[in-house]
Structures are given as structure tokens and as C-alpha cells.
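# Structural overview
Now for the letters of each chain:
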Amino acid sequence: MKKSKKLLALLLSLAMIMGLAACGGGGGTTETTSGNSETPGNVETTPGNSETPSGEAATDPDSIPDTMTSEDGKFQVAFVTDVGQLKDKSFNQGTFDGVKLYAAANGKSYKYYQPANGSEATDDDRYDAMKAAVEGGAEVVVCAGYLQEAALKKAAIEFPDVPFVFIDGYPLSDDSGNVLTNVAGIAFKEEQAGYLAGYAAVKDGFTKLGFSGGGGGTNPACCRFGYGYVQGANDAAKELGTNVEMNYSWQYGATFSGSTELQTMISGWYVNGTEIVFACGGSMFQSIAAAASANDGYVIGVDVDQASESDCVVTSAMKGLSDAVQWAVGHVYDGTFDTIGGAATSLGVENNSVALPTDSESWRFETFTVEEYETLYQQMLDGTLVVDNVYENLETTEWSNLTLNVI
């Protein structure tokens, strides 16, 4: 069964190369999702009562240059990257796609700022990048990742008139406990996307799974992804009356970067029987996909549709990064930022902001169907299926049909 899946993935990959079909290369939005006809995180369906940003929206972020020349030397919409590469085909790129798409559609200048020292960046490095953005003319600064918290707090206090969008973030307060109303915390219900991926994988016949997460177990977004993944796999196994196993690790993922050590570890998993690994950590995907390719294994992507990155990818647990950025930045320019500034926004299936890709190039399951997926998605949407987001429960839960090996 798995051999035919590999052949199908290879044929799909060849078809894309030949131009018979096109698949987004890490764009942060998808062509199709279930439960709603809109794309995940669509600006019209996310909360906050902001209208769709005006202007003719570009549809392909890859067609928009990463750098531009501003006539006055200032850049209105700024992006401060998380650790890892800008073009990581995952979190950074999906977030920056939203910046580019909004700016292009609305005639705004834009620029990205990468904190100094790469994966070893300090809070001071991140603050310096934010300060450079403000001094460079930023009217709004989009900051990606929970590691930005300390620097963002300092910058928001120093520049109270500048709105900041904190992706994968939450409300921040000053040292006196006053909420910083110029910071909009935008988070996602990653546990729902993780559940969809874990459930689908087990329903499709995978019985030996893996999870490799970024942030060393301290990143709430990755923790929610992983916890949902375990829940989905366990529930699917229970429905099938079978048992599954899962290796679960945060090793070699602290900086969300690929490494020979990570690839070696995941290769060992595949050699010892693991069939599919959820690659949950930005550029870690490259090492995990390489290990899968070398061992006839399979991968679940994260954040954006990563099917075009490897023929080993079976599906991706996505969240609408690009659309969420456009929606939040739109609040700045339509004068309604006060409705999201200082508040916590959490986007899930009810906002069409988490999903698996269902277009023909990305749906690589053999037996689990799109119709079955849509039924599951609808159960989340109407509240008959509720996924727990308290990820601290992971290791204390007695899983009925899943053996969890925390490594």
C-alpha cells in the first residue's frame, strides 16, 4: 500500500515539474478547505469586524519580490522574522507572504528585518530589528514567533504610537501590568490542525508515527500542534479497533533549523519502523524530509502546504498565516486597530484558519477520502468534536489506543 502511495506522490511531483499542475510553494494559503468555501483565515471570516483590505489582491506571493526600492527611502509595512530562514517554506515565509500580499494590493512599501546572529539572536538583536523598522518609517510592524515577546514588549513601550502585530502571540503588558494596546496578539488553534493530521494518517493505515517539534517544547504553537496530533491519532485508532505507536521528541529543534543530528535521529526512527513523521518546526522540515526520502518514509508538513517541497509529504497541518497577517494589517489602515490591539485573537476552524489541503496535488492519502475529512471538519465546526488545547496533559493522559514514546 505504501509503495503505491510513493509512486503516486512521485507522479504528482513529475506532473508539477512538467507544468501539468501547479501547487503553491509555501504560500500560507490554500486553494481548498472543507467546512467553508473560503480559504483558511480569510479576512472576511476572521473576527474583529474589519472589512476585506481594499485593492486588487495579488494571488501569488512568490510573484512579489522579497525586497523593493522605496521612493522616499521609507517602508510602511515591516516584518521582523523569527529564527530560521526567511524562505523556510513554513512559518517565516507564510507570515511574510501576508505582508507582501497586503502591501502589493494596497500600494504600500514593505521590508523585512532579520535580527542579527541568526539562530543565536538575543532579545537585544530582536529589539534592534524592531527599532530599525520603526526608524525606517514603519506604520505597522509584524513580528513572527513567541521568541519576540521580550523585545516586542520593549519596543511597544518605546513606540506607543506604532501598532505591532504579534503572530503566534498574545497580549503583552508593561511592568506595571497595563496592557499594551498597540500590540495585537494573533494565535491559532493548532491543536485542531494537528488533530486532523493525526486522525487522517491513522485512518489511512499508518500505525507507527512520529512527531518532531521545534522550540524545545517551550513553543506553545508547536506544543498545541503535537498534542492535537496525538489526540487525533488515538481517536482514529480507537474507531478502527487497533493500536498505534508514536515517537515524540523536541530534540534538535530548539532553533527550528535543520541539522545533521536531527536527520540522523529521524533516519533512525524510519529504520526502526516509523512510517510517517509530523515535521513541526520551520526549517527542520528539510532534515526530516531528507531522512524520509532516504528511507522510503513519509512526512506531514506544517503551517503551509508543503506538498511541493517533497514527494514524501502526505499532507500538511496548515494555519492561515498569510490571511491572518493581511486581516490584522488591514485593521491598521481602516482605523480599527483598537478592536484587536491589546486583545487575544485565536483563529481556528470557525474562522476557516486551520485545515489540511484538499486539492488534488496535495491530497496523497490512499484510503482516507476528502469526504471523510470534510465530515470530520464539520464535526469540529459544529462543536460535536472538541480538541483539548491544554498540552500539559500530554504525558499525564492514558491513551486508550496509542503508545507514546517521549524521546
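Because the structure is predicted, anything quoted here is derived from the model rather than measured.

Criteria and thresholds
- Residues numbered from 1 in each chain as written.
- Predicted model: local features only at pLDDT ≥ 70, side-chain atom pairs only at ≥ 80, totals over all residues.
- Heavy atoms only, no water.
- Phe/Tyr/Trp six-rings, centres within 6.5 Å; stacked < 30°, edge-to-face > 60°.
- Lys NZ or Arg CZ within 6 Å of the ring centre and 35° of its normal.
- Buried < 20%, exposed > 50% of the residue type's maximum accessible area, 1.4 Å probe, protein only.
- Helix = DSSP H or I, 4+ residues; strand = E, 2+ residues; numbered from the N terminus.
- Pairing = 2+ DSSP bridges.
- Axes fitted to C-alpha atoms, helices over the stretch in contact; angles between N-to-C directions.
- Salt bridge = Lys/Arg side-chain N within 4 Å of Asp/Glu carboxyl O.

Bringing the packing of aromatic side chains into the picture now. The description of an aromatic ring pair uses the distance of the two centres, along with the angle that the planes make with each other. Enumeration according to the criterion identifies 21 aromatic pairs in this entry. One aromatic cluster is present, built from ring pairs that chain together Tyr-195, Tyr-199, Trp-363, Phe-365, Phe-368, Tyr-373 and Tyr-377. A cation over a ring is seen here: Lys-154 above Tyr-127, with NZ or CZ 4.2 Å from the ring centre.

Counting buried positions along strand E10 (residues 313-319) yields seven of seven residues, so the element is predominantly enclosed. Relative to E10, strand E9 (residues 298-303) runs parallel, the two sharing five bridges. Looking across to E10, one finds that Ile-300 is bridged to Thr-315. Pairing geometry for E10 and strand E12 (residues 354-355), over two bridges, is antiparallel. Its bridge partner being in E12, Met-318 is matched across the sheet by Ala-355.

A few words now on the sheet that holds strand E2 (residues 110-113). Here six strands make up an open sheet; going across it, the order is E2-E1-E3-E4-E5-E11 and the pairing parallel. This sheet does not close on itself; its edge strands, each paired only once, are E2 and strand E11 (344-347). In this sheet, neighbouring strand axes are inclined to one another by 20 degrees on average, regardless of whether the strands run parallel or antiparallel. Two elements, strand E5 (residues 183-188) and E11, share four bridges in a ladder whose sense is parallel. Note that in E11 the partner of Phe-188 across the bridge is Leu-347.

Looking now at the pairing of E5. The element E5 is extensively covered by neighbouring structure, given that six of its six residues are classed as buried. What you see with E5 is no split at all: Val-183, Gly-185 and Ala-187 on one side and Ala-184, Ile-186 and Phe-188 on the other are buried throughout. Direction of pairing for strand E4 (residues 164-167) relative to E5: parallel, over a ladder of four bridges. Within E5, the position partnered with Phe-164 by the bridge is Val-183.

The subject of this paragraph is the pattern of salt bridges. A full pass over the atoms with the stated rule returns ten salt bridges. With a closest N to O distance of 2.7 Å, Asp-175 and Lys-153 form a salt bridge. One end of the pair, Asp-175, is in the loop between E4 and E5; the other, Lys-153, is in helix H4 (residues 149-158), and 22 residues separate them in sequence. The partner of Lys-189 in a salt bridge is Glu-350, and the shortest N-O contact between them spans 2.5 Å. Of this pair, Lys-189 sits in the loop between E5 and helix H5 (190-203) while Glu-350 sits in the loop between E11 and E12; the two residues are 161 residues apart in sequence, bridging distant segments of the chain. Linked through salt bridges whose partners overlap, the residues forming this network are Asp-168, Glu-190, Arg-224, Asp-303 and Lys-319.

Worth remembering: the numbers are spatial, not functional.
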